[in-house]
2 protein chains.
Amino acid sequence: MNRFMNAKDTIVTEALDGLLRTAGGRLARLDGYPHIKVVVRTDWDKSRVALVSGGGSGHEPSHAGFVGAGMLTAAVCGDVFASPSVDAVLAGILAVTGKAGCLLIVKNYTGDRLNFGLAAERARAQGLKVEMVIVNDDVALPDLPQPRGVAGTLFVHKIAGALSEDGADLDAVAAAARRVIEGVVSIGMSLDTCTVPGSPKEARIPQGKAELGLGIHGEAGIEQVDFTTAKSAMEMVVDRLAPHVGPGPLVALLNNLGGATPLEMAVLAEELVRSRLGAQIRWMVGPAPMMTSLDMQGFSVSLLPAGKAEEAGLLAPASPWAWPGCHPVGEVAVTALPDGLTPIKPIPSSNPETRALIETCCHIMIEAGSDLNALDAKSGDGDTGSTLATAARALIGALDRLPLADHTQLYRAIGLELSQTMGGSSGVLLAIFFAAAGDASAAGKDMPDALKAGLDRIRQVGGAGLGDRTMIDALHPALEGLPVGLEAAARAAREGADATARITRARAGRASYLAESSLAGHNDPGAEAVALLFEKLAARERTAAT
Amino acid sequence: MNRFMNAKDTIVTEALDGLLRTAGGRLARLDGYPHIKVVVRTDWDKSRVALVSGGGSGHEPSHAGFVGAGMLTAAVCGDVFASPSVDAVLAGILAVTGKAGCLLIVKNYTGDRLNFGLAAERARAQGLKVEMVIVNDDVALPDLPQPRGVAGTLFVHKIAGALSEDGADLDAVAAAARRVIEGVVSIGMSLDTCTVPGSPKEARIPQGKAELGLGIHGEAGIEQVDFTTAKSAMEMVVDRLAPHVGPGPLVALLNNLGGATPLEMAVLAEELVRSRLGAQIRWMVGPAPMMTSLDMQGFSVSLLPAGKAEEAGLLAPASPWAWPGCHPVGEVAVTALPDGLTPIKPIPSSNPETRALIETCCHIMIEAGSDLNALDAKSGDGDTGSTLATAARALIGALDRLPLADHTQLYRAIGLELSQTMGGSSGVLLAIFFAAAGDASAAGKDMPDALKAGLDRIRQVGGAGLGDRTMIDALHPALEGLPVGLEAAARAAREGADATARITRARAGRASYLAESSLAGHNDPGAEAVALLFEKLAARERTAAT
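Just so it is clear, the structure is predicted and the values come from calculations on it, not from any experiment.

Criteria and cut-off values
Residues numbered from 1 in each chain as written. Chains lettered and ligands numbered in written order. Predicted model: local features only at pLDDT ≥ 70, side-chain atom pairs only at ≥ 80, totals over all residues. Heavy atoms only, no water. Helix = DSSP H or I, 4+ residues; strand = E, 2+ residues; numbered from the N terminus. Rg over C-alpha atoms; globule rule 2.2 N^0.38 Å. Buried < 20%, exposed > 50% of the residue type's maximum accessible area, 1.4 Å probe, protein only. Contact = heavy atoms within 4.5 Å. Areas by Shrake-Rupley, 256 points an atom, 1.4 Å probe, with all protein chains shown as cover. Lys, Arg positive; Asp, Glu negative; His and termini not counted. Charge placed at Lys NZ, Arg CZ, Asp CG, Glu CD. Least-squares fit on C-alpha atoms with pLDDT ≥ 70 in both. Domains from an automatic or database assignment. Salt bridge = Lys/Arg side-chain N within 4 Å of Asp/Glu carboxyl O. Axes fitted to C-alpha atoms, helices over the stretch in contact; angles between N-to-C directions. Parallel < 35°, antiparallel > 145°, perpendicular 65-115°, else oblique. Left-handed = near helix turned anticlockwise from the far one by under 90°. Nonpolar A, V, L, I, M, F, W, Y, C, P; charged D, E, K, R; others polar. Pairing = 2+ DSSP bridges. Buried area = accessible area lost by both parts, 1.4 Å probe. Polar contact = N/O pair within 3.5 Å; in protein donor to acceptor, adjacent residues only side chain to side chain. Arc of directions from axis to C-beta. Phe/Tyr/Trp six-rings, centres within 6.5 Å; stacked < 30°, edge-to-face > 60°. Lys NZ or Arg CZ within 6 Å of the ring centre and 35° of its normal. Expected span 1.5 Å × (residues − 1). Bend = angle between axes of the 7 residues up to and from the residue.

K.L.:
Tell me about the overall build of chain A, and name the residues and values.
P.N.:
For chain A, the count of helices and strands is 16 helices and 14 strands. Compactness check: chain A gives a C-alpha radius of gyration of 35 Å against a globular reference of 24 Å for 546 residues, more than 25% above the reference. Projected onto its principal axes, the C-alpha coordinates of chain A cover approximately 115 × 50 × 50 Å. Across the 546 residues in chain A, those meeting the buried criterion constitute 61%. When contacts within chain A are restricted to residue pairs at least 6 apart in sequence, long-range pairs at least 24 apart make up 71% of them. Total accessible area on chain A stands at roughly 20,200 Å², and carbon and sulfur atoms take up 54% of it. A gap of 3 Å separates the mean positions of the 48 positive and 61 negative side-chain charges of chain A.

Structural data, given as structure tokens:
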């Protein structure tokens with residue numbers, strides 16, 4: 001058993017109870033389990049025409065999912081792919097039918113016709129007004145005298161439901177239902193068969209093929225066709241439907257047969273609108289699972305001529321969540337990209353001291369490249385040094401266009417340069433570091449505090465903290481020491497970097513995927529880079545001072 | 001390729017366009033295809049806090065499906081399972097953010113954190129107020145410092161969305177989002193892996209196993225467990241969640257990971273409510289696909305402590321259809337079966353003439369049994385005669401309890417007897433025939449007209465017409481002739497029955513499945529039975545008259 005179920009015999013009753021648990025008191029079931037499985041509205045006073053539908057289960061959310069204000073009054077549910085009994089249908093009719101009468105909406109299958117038909121007779125014998133309509137929208141087999149009822153049934157539920165809700169009488173509701181049935185056509189396509197609970201899956205449709213014109217009970221399609229793209233699939237479906245529709249505006253119902261993903265269904269919606277019938281499609285219901293065939297990875301399209309009455313019925317409010325609404329079909333609304341996507345180029349300015357500091361830092365990184373690579377090779381792919389050196393060279397090349405005299409703009413500009421020249425996570429993190437430092441600088445912070453603000457931000461965004469074996473383990477103590485002086489910052493950075501050699505469980509970054517043995521005894525290359533930077537800066541300061 | 005798609009490179013843009021086509025102008029996309037895939041509300045004036053979320057695609061309806069009043073302001077969509085670029089996120093932020101600022105809701109994946117994080121910095125550099133929260137609700141790996149963000153994200157979207165809609169400021173919206181993130185825990189289970197578009201499917205989970213604690217990008221679960229029933233599956237999930245929740249009331253979100261059927265999801269909902277945490281679950285969102293993993297046949301459960309603020313946010317209206325609503329969880333409402341299911345037993349009465357007529361008809365059918373069986377064997381399973389004879393014997397046995405003196409009640413009583421003693425379609429059809437005749441009799445029709453009303457009804461319910469090679473081909477002309485007399489009726493029935501031997505394409509009933517060669521030259525057994533009945537009745541009338 002590869003289904004989330006307990007037993008074939010209880011799947012339908014358990015699923016209905018699951019539905020009823022969360023219906024907030026709006027739905028109830030009749031006390032007839034296991035044979036009588038009928039879901040009814042609780043907010044129903046029998047003053048209007050009752051709508052009763054149903055049939056075998058396995059088509060969820062049909063039919064119980066469509067019970068509610070504006071749609072069905074009761075759903076009579078059989079076992080999976082099995083018609084409910086006459087008694088079950090009669091119970092449904094009697095439970096919801098008052099003087100206004102009842103319309104039975106039945107899909108065209110012999111079992112359903114007979115069982116609903118006899119139940120209708122029994123109810124009539126008790127003095128109730130009962131009408132029955134048979135939905136036969138499937139055009140898979142053009143010559144078949146008894147076309148199946150498939151997803152077009154939803155149009156009947158919705159349009160008749162709206163009329164009933166408005167207080168129309170039984171004749172009017174039944175006439176509207178018959179008009180819908182007269183007009184609606186449907187066809188389905190699938191890439192795989194459905195899996196009937198408790199039965200082995202039939203491997204009928206080979207890879208690269210699709211079945212066109214299949215039923216909703218695992219019946220084979222009328223033909224197997226080559227499947228290439230969503231576009232060609234929709235074209236085949238439209239080709240079958242087109243001969244049955246006139247030139248006027250249409251409502252399309254795009255039904256997920258159960259196992260197609262929302263992503264696929266949305267692509268199919270786009271292809272339906274782009275198809276040769278697309279220009280006629282004024283409204284769309286779905287894409288959504290409405291009349292499924294268990295887990296069948298397929299879809300069906302139903303088309304209904306869109307008259308005023310039909311539009312009004314489809315647009316009327318309905319309380320069942322499973323009804324996805326009927327939406328106007330139009331062009332894709334496209335809005336211009338916002339301004340500000342291309343960063344404003346800072347106005348270059350000069351500041352010899354700042355320029356020298358940046359050049360110094362960059363040269364330190366370039367010189368440390370091979371050592372850092374060697375360190376990284378012990379626990380990673382050995383490119384930390386090269387990555388930093390490349391970025392440093394790029395930054396040196398950019399010095400002439402940087403706003404060196406404006407620290408706030410400079411931080412931001414450095415962040416932008418790094419995000420454009422350094423790949424990977426570390427490039428993005430450094431870009432965030434400098435951008436946040438720029439914001440802090442704009443807010444009046446001095447350099448140590450601006451850099452600390454940058455650090456706080458990358459800790460938030462990157463998710464790493466102290467002791468996680470990242471460059472933060474050196475950068476955090478360095479920035480804490482910086483107000484005292486470069487020497488203090490360098491000592492603190494070194495201590496922090498060396499401590500990373502004893503951290504054998506990395507909690508963030510790439511090293512978190514590595515075994516302890518490959519980490520022990522080696523400093524984290526990022527932390528080491530920070531320590532080297534501060535040490536070399538401090539050494540130059542000493543040299544300059546002597 | 002076994003997916004409804006055109007190409008891996010266009011699947012996301014085509015799906016988004018499909019969504020936008022039917023958004024009725026409420027949604028637009030930014031003009032940045034293919035790299036910038038951002039869906040925005042069109043009814044947005046930037047006066048309130050913007051909510052921007054997103055990430056890789058393949059989780060539909062997340063995130064574009066949740067853009068709309070009361071939820072997200074913009075969704076930034078990457079390719080399937082790939083984070084959107086910094087530029088794409090920045091475009092989303094800039095398109096919808098005004099003075100009230102913007103909250104970024106990001107699932108805890110490195111790529112998303114970095115790209116949303118850097119985009120936030122860029123937006124801040126342009127003077128916008130931007131906050132970012134990281135959702136990390138997955139409790140699959142209890143010790144992981146960076147738990148993944150999964151379906152619990154929906155709680156954040158909805159509760160923050162409601163606050164934004166109400167005009168709360170950025171601090172309040174972000175604080176509420178952080179409270180939700182602090183409280184929410186999730187875990188998933190699947191019976192199969194997902195199929196990544198353009199990639200072969202990984203057969204990782206053997207039959208009889210399930211994966212517990214899996215990610216939404218095809219990452220393997222933390223363990224493979226034995227799968228037996230929906231009940232045991234839900235128990236395992238609840239066991240993982242229970243240590244993380246307090247004793248107070250909870251909101252549960254039951255998410256379809258993509259490929260589970262509505263039937264399975266409803267069974268799982270029932271099992272969740274029946275579980276040991278069930279008594280604490282006061283509200284439920286779903287079951288519905290909300291944060292899917294393409295076609296993964298699995299589900300996830302997210303639990304959030306239900307405080308007043310959370311309840312208010314979850315119950316507030318939201319326009320995106322994909323939001324299934326938050327519903328109170330309660331007992332299954334059960335309503336008593338209606339009266340009238342057990343047919344009222346008619347009061348027996350006597351009428352020697354009627355009794356004799358019924359007995360005669362029954363004996364004719366009993367005598368004809370073997371001949372009709374032989375005829376049926378030529379095109380069917382050879383039991384038409386036996387079936388009719390059995391029913392005839394049962395009817396004779398019931399004569400003492402029939403209301404023989406009241407024709408209206410008698411028709412109905414005969415229909416009831418036949419429906420209880422005859423199996424199969426023909427039993428139901430004969431029951432409908434007599435029940436409808438009873439209704440017509442109640443309305444004042446005489447016997448020929450009452451029987452015609454019965455015939456009309458079985459034509460409607462059974463779907464067969466004249467010339468379809470059924471008993472109707474004899475019964476219809478017989479009833480037309482009946483007002484003239486039994487002789488005329490018998491002649492007409494015989495002609496009709498004999499004509500069925502020339503009908504080689506049956507359009508209804510069992511014979512419609514048979515080849516022409518097995519039908520040609522033999523009368524339809526049902527039509528023959530009708531002809532025999534009228535012929536024998538006419539013969540007895542002649543005998544009685546002489």
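On we go.
K.L.:
Before we move on, can you summarise the relation of the copies chain A and chain B with the specific residues and values?
P.N.:
At an RMSD of 0.1 Å, chain A and chain B line up after a rotation of 180 degrees and a shift of 0.0 Å along the axis. Seen this way, the second copy is the image of the first under a two-fold rotation axis. Identified as the residue of chain A closest to the rotation axis by C-alpha distance is G259 of chain A, at 2.8 Å. A share of 100% of interface residues in chain A that are also interface residues in chain B marks the association as one of identical surfaces.

K.L.:
With reference to specific residues and values, describe the domain arrangement of chain A.
P.N.:
Each assigned domain of chain A is listed with its residue range as follows: domain 1 (11-328) and domain 2 (352-545). Taken over C-alpha atoms, the centre of domain 1 of chain A sits 63 Å from the centre of domain 2 of chain A.

K.L.:
Before we move on, can you summarise the pattern of salt bridges with the specific residues and values?
P.N.:
In the structure shown here, the tally under the stated rule is 62 salt bridges over all chains. Taking the shortest distance from any N to any O, the salt bridge between R3 of chain A and E264 of chain B comes out at 3.3 Å. Pair noted here: R3 of chain A is in the segment before helix 1 (11-21) and E264 of chain B is in helix 7 (residues 262-274), and the two residues belong to different chains. Assessed through its relative accessible area of 1%, E264 of chain B is described here as buried.

K.L.:
I'd love a proper account of the packing of helix 14 (residues 472-481) of chain B against helix 15 (residues 486-499) of chain B, names of residues and values included.
P.N.:
Residue and element names in this part refer to chain B. Here helix 14 crosses helix 15 at 155 degrees, and the two axes come no closer than 7 Å. Taken as axis vectors, helix 14 and helix 15 run roughly antiparallel relative to one another. Judged by the sense of rotation from one axis to the other, the crossing of helix 14 with helix 15 is right-handed. Contacts between helix 14 and helix 15 pair D473, A474, P477, A478 and G481 from the former with A488, A489, A492, A493, G496 and A497 from the latter. The class makeup of the residues in the contact of helix 14 with helix 15 is eight nonpolar, two polar and one charged.

K.L.:
Kindly report on the sheet that holds strand 11 (residues 281-288) of chain A, identifying the contributing residues and their values.
P.N.:
All names here are of chain A. If you walk across this open sheet you meet the seven strands as 9-8-7-12-10-11-13, and the pairing is mixed. At either margin of the open sheet sits one strand with a lone partner, and together these are strand 9 (223-226) and strand 13 (326-328). Adjacent strand axes in the sheet meet at a mean angle of 25 degrees, parallel and antiparallel pairs treated alike. One ladder, built from three bridges, connects strand 11 with strand 13; its direction is antiparallel. In the strand pairing of strand 13, W283 is matched with P328. Each of strand 7 (185-190), strand 8 (209-212), strand 9, strand 10 (250-256) and strand 12 (298-305) touches helix 6 (residues 230-241); the most contacted strand, strand 7, lies at about 150 degrees to it.

K.L.:
Can you break down the interface of chain A and chain B residue by residue, with the values?
P.N.:
Across the contact, 110 residues belong to chain A and 110 residues belong to chain B. The junction of chain A with chain B conceals about 9,900 Å² of combined surface from both sides, 61% of it contributed by carbon and sulfur atoms. Contact with chain B buries area across many residues of chain A, yet F4, R21 and W321 of chain A alone supply 11% of it, more than any other trio. At the surface where chain A touches chain B, the tally comes to eight salt bridges. Across the pair R21 of chain B and E270 of chain A runs a salt bridge, and its minimum N-O distance is 2.9 Å. Where chain A packs against chain B, one counts 44 residue pairs in polar contact (both at pLDDT 80 or more). It is helix 7 (residues 262-274) of chain A that provides the largest number of residues to the side of chain A that touches chain B, a total of eleven residues. Classifying every residue of the side of chain A that touches chain B gives 58 nonpolar, 27 polar and 25 charged. Across two bridges, strand 1 (residues 27-30) of chain A lies against strand 14 (residues 334-335) of chain B in parallel orientation.

K.L.:
I'd like to hear about helix 8 (residues 308-315) of chain B, residue by residue, with values.
P.N.:
Every α-helical turn comprises 3.6 residues, leaving residues that sit three or four positions apart pointing alike. Residue and element names in this part refer to chain B. Buried within helix 8 are the following residues: E310, E311, G313 and L314. For helix 8, the angular spread of the buried residues around the axis is 165 degrees, confining them to a single face. At its buried positions, helix 8 is contacted by helix 4 (153-165), helix 5 (170-183), strand 10 (250-256), strand 11 (281-288), strand 12 (298-305) and strand 13 (326-328).

K.L.:
An account of the side chain of T97 of chain B is needed here, citing residue identities and associated values.
P.N.:
All names here are of chain B. Assignment of secondary structure puts T97 in the loop between helix 2 (86-96) and strand 5 (102-107). Using a relative accessible area of 5% as the deciding quantity, one classes T97 as buried. A polar contact is formed between the side chain of T97 and the backbone oxygen of I93, at a distance of 2.6 Å. Aside from chain neighbours lying at most four places away, what touches T97 is K46, A50, C102, L128 and K129.

K.L.:
So what's going on with unusual backbone geometry? Which residues, and what values?
P.N.:
Excluding glycine, residues mostly carry a negative phi; peptide bonds, for their part, are mostly trans. Residue P287 of chain A follows G286 of chain A across a cis peptide bond; omega there is 5 degrees. Note on placement: P287 of chain A falls in strand 11. Residue P61 of chain B follows E60 of chain B across a cis peptide bond; omega there is 10 degrees. For K46 of chain A, which is not a glycine, the phi torsion comes out positive at approximately 65 degrees. Among the structural elements, K46 of chain A can be located in the loop between strand 2 (38-41) and strand 3 (50-57). We classify K46 of chain A as partly exposed; its relative accessible area is 33%. For L294 of chain B, which is not a glycine, the phi torsion comes out positive at approximately 55 degrees. With respect to the secondary-structure elements, L294 of chain B resides in the loop between strand 11 and strand 12. Looking at L294 of chain B, the relative accessible area reads 4%, which means it is buried.

K.L.:
Please provide a residue-by-residue account of the packing of helix 11 (residues 407-421) of chain A against helix 3 (residues 110-125) of chain B, values included.
P.N.:
Axis separation between helix 11 of chain A and helix 3 of chain B bottoms out at 12 Å; the angle between their running directions is 145 degrees. Relative to helix 3 of chain B, the crossing made by helix 11 of chain A is left-handed. For the pair formed by helix 11 of chain A and helix 3 of chain B, the contact residues are R412, L416 and S419 of chain A on the first element and L118, R122, R124 and A125 of chain B on the second.

K.L.:
Please provide a residue-by-residue account of the packing of aromatic side chains, values included.
P.N.:
Summed over the entire model, instances satisfying the criterion amount to seven aromatic pairs over all chains. Between R29 of chain A and the ring centre of Y33 of chain A, over which it is positioned, the NZ or CZ distance is 3.6 Å.

K.L.:
With reference to specific residues and values, describe helix 9 (residues 352-379) of chain A.
P.N.:
The first and last C-alpha atoms of helix 9 of chain A sit 39 Å apart over 28 residues, in line with the 40 Å expected at 1.5 Å per residue. Of all the bends in helix 9 of chain A, the greatest, near 50 degrees, is centred on G369 of chain A.

K.L.:
Outline the side chain of H59 of chain A, supporting the account with residue identities and numerical values.
P.N.:
Residues and elements named next belong to chain A. Mapped onto the elements of the fold, H59 is located in the loop between strand 3 and strand 4 (74-80). Here H217 takes part through its side chain, which lies 3.2 Å from a polar atom of the side chain of H59. Excluding its chain neighbours within four sequence positions, the residues that come into contact with H59 are F81, I216, H217, M290, M291, T292 and S293.

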